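Descriptive structure summary
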Amino acid sequence: TQLLEQSPQFLSIQEGENLTVYCNSSSVFSSLQWYRQEPGEGPVLLVTVVTGGEVKKLKRLTFQFGDARKDSSLHITAAQTGDTGLYLCAGLLIQGAQKLVFGQGTRLTINP
Amino acid sequence: DVKVTQSSRYLVKRTGEKVFLECVQDMDHENMFWYRQDPGLGLRLIYFSYDVKMKEKGDIPEGYSVSREKKERFSLILESASTNQTSMYLCASSPPAGNTGELFFGEGSRLTVL
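Keep in mind it's a predicted model, so treat the numbers as computed, not measured. (Residues numbered from 1 in each chain as written. Chains lettered and ligands numbered in written order. Predicted model: local features only at pLDDT ≥ 70, side-chain atom pairs only at ≥ 80, totals over all residues. Heavy atoms only, no water.)

Section: the overall build of chain A
Which entries qualify depends on this criterion: Segments assigned H or I by DSSP are reported as helices when at least four residues long, segments assigned E as strands when at least two residues long, and all are numbered from the N terminus. Put simply, the radius of gyration uses C-alpha atoms, and a globule should come to 2.2 Å times the residue count raised to 0.38. Accessible area is worked out with a 1.4 Å probe on protein chains only. A residue is then buried under 20% of its type maximum, exposed over 50%, and partly exposed in between.
Looking only at helices and strands, chain A has 0 helices and 11 strands in total. Over its C-alpha atoms chain A spans a radius of gyration of 14 Å, differing by no more than 12% from the 13 Å that the globule rule assigns to 112 residues. Its C-alpha atoms give chain A principal-axis dimensions of roughly 45 × 30 × 20 Å. Within chain A, the fraction of its 112 residues that count as buried is 46%.

Looking at the pattern of salt bridges
Should the charged atoms of two oppositely charged side chains come close, the side chains can pair. All names here are of chain B. The condition is simple: Here, a salt bridge means any Lys or Arg side-chain nitrogen found within 4 Å of an Asp or Glu carboxyl oxygen.
Enumeration over the complete set of coordinates arrives at 11 salt bridges over all chains. Salt-bridge contacts for E69 lead to K53; the nearest nitrogen and oxygen are separated by 2.6 Å. Residue E69 is located in strand β8 (residues 65-70), and its partner K53 is located in the loop between β6 (42-49) and β7 (56-57); the two are separated by 16 residues in the primary sequence. Each member of the pair E69 and K53 is classed as exposed.

Observations regarding the sheet that holds strand β8 (residues 71-76) of chain A
All names here are of chain A. Short version of the rule: When DSSP locates at least two bridges between a pair of strands, those strands are taken to pair. Every axis in this analysis is a line fitted to C-alpha atoms, fitted for helices over the stretch in contact. Angles between the N-to-C directions lie between 0 and 180 degrees.
Strand order in the open sheet formed by 5 strands is β1-β3-β8-β7-β6, with antiparallel pairing between adjacent strands. Taken across any chain shown, the strands that pair with only one partner, and hence form the sheet edges, are β1 (5-7) and β6 (55-58). Strand-to-strand twist in this sheet, taken as the mean axis angle between neighbours without regard to direction, amounts to 15 degrees. Taken together, the 3 bridges between β1 and strand β3 (residues 19-24) define a ladder with antiparallel strand orientation. Bridge pairing in β3 links Q6 to C23.

Notes on the pairing of β6 of chain A
Residue and element names in this part refer to chain A. Pairing analysis gives 4 bridges linking β6 to strand β7 (residues 61-65), with the strands arranged antiparallel. Each residue of the ladder has a partner; that of L58, found in β7, is L61. What sits between β6 and β7 in their antiparallel hairpin is a turn of 2 residues, with K59 showing a positive phi close to 55 degrees.

Some remarks on the interface of chain A and chain B
Counted only if it meets this: Throughout, a contact is declared for two residues whenever any of their heavy atoms are within 4.5 Å. The quantity reported as buried area is the accessible area (1.4 Å probe) lost by two parts once they are put together, taken as the sum for both. As used in this structure description, the phrase polar contact means that two N or O atoms lie within 3.5 Å; if the pair is within protein, one of them must be able to donate a hydrogen and the other to accept it, and residues adjacent in sequence are counted only when both atoms belong to side chains.
Facing 20 residues of chain A, the contacting portion of chain B comprises 20 residues. Between chain A and chain B, a total of about 1,500 Å² is buried, with carbon and sulfur atoms accounting for 51% of that surface. Here chain A is connected to chain B by 1 salt bridge. When the shortest N-O distance is used, the salt bridge between E41 of chain A and R9 of chain B registers 3.5 Å. Summed over the shared surface of chain A and chain B, the result is 6 residue pairs in polar contact (both at pLDDT 80 or more). With 4 residues, strand β4 (residues 29-37) of chain A is the single largest residue contributor to the side of chain A that touches chain B.

Focus on the side chain of S25 of chain A
Residues and elements named next belong to chain A. Secondary-structure assignment places S25 in the loop between β3 and β4. From its side chain, S25 meets the backbone nitrogen of S27 in a polar contact 2.9 Å long. Not counting the four nearest positions on each side in its chain, S25 is found in contact with L3, L4 and K70.

What to know about the state of the cysteines
Residues and elements named next belong to chain B. The test is simple: In this description, a disulfide is simply a cysteine sulfur pair whose atoms lie within 2.5 Å.
Taken as a whole and assessed by the stated rule, the structure comprises 2 disulfides over all chains. Disulfide pairing is shown between C23 and C91; the S-S distance is 1.9 Å. Its S-S torsion of about -75 degrees marks the bond between C23 and C91 as left-handed, since a negative value means left-handed. Here C23, found in strand β4 (residues 23-25), pairs with C91, found in strand β10 (residues 87-94); they are 68 residues apart in sequence, far enough to count as distant. The residues C23 and C91 share a single accessibility class, namely buried.

Below, the structure written as structure tokens:
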């Protein structure tokens, strides 16, 4: 059973379109991160959200942490081919020993 | 520029061989981690270490061991490689407890076991 469910797992859209990727759980997280990974490389941290309801913007990317700190979304406006990659969410569990759990990832392809 | 460096980007080994994957970080981080990444399964934690000479099992430690003799170096060892250990291996580091869990990853080591 996946503790952190990411959807969709695959997404292929045209350049200029908007998209949203979701990360959902029944567990509460003290923080949640989004990473982007390009083929053959390691994941690179994009953002960390820590407060319920928090919204962070990184150019055309908007990240939101749910009010109950159980879910998060990543919205990309006017996608570009350079946004292509694997997007991973990861949450730090609030209970017990600090444990980071990862979603399965969303493989995003932006077509020219 | 802070960095996590993995010694080998690509390795091909035969079943039964001993495999060493090395990872070095220059950020003076206490915490270091080894993950493997497989399609459809995401990242799975193999082992982690919160201090020198200290190691803890992750979710899938079977068939692996680790060594942390120095703060900056964390090694993953496959005592006798098997084909089901063909995977992308990712090393990561993070600052000490009390942080928000952010990880800094190396570029990955793609291991193929024949």
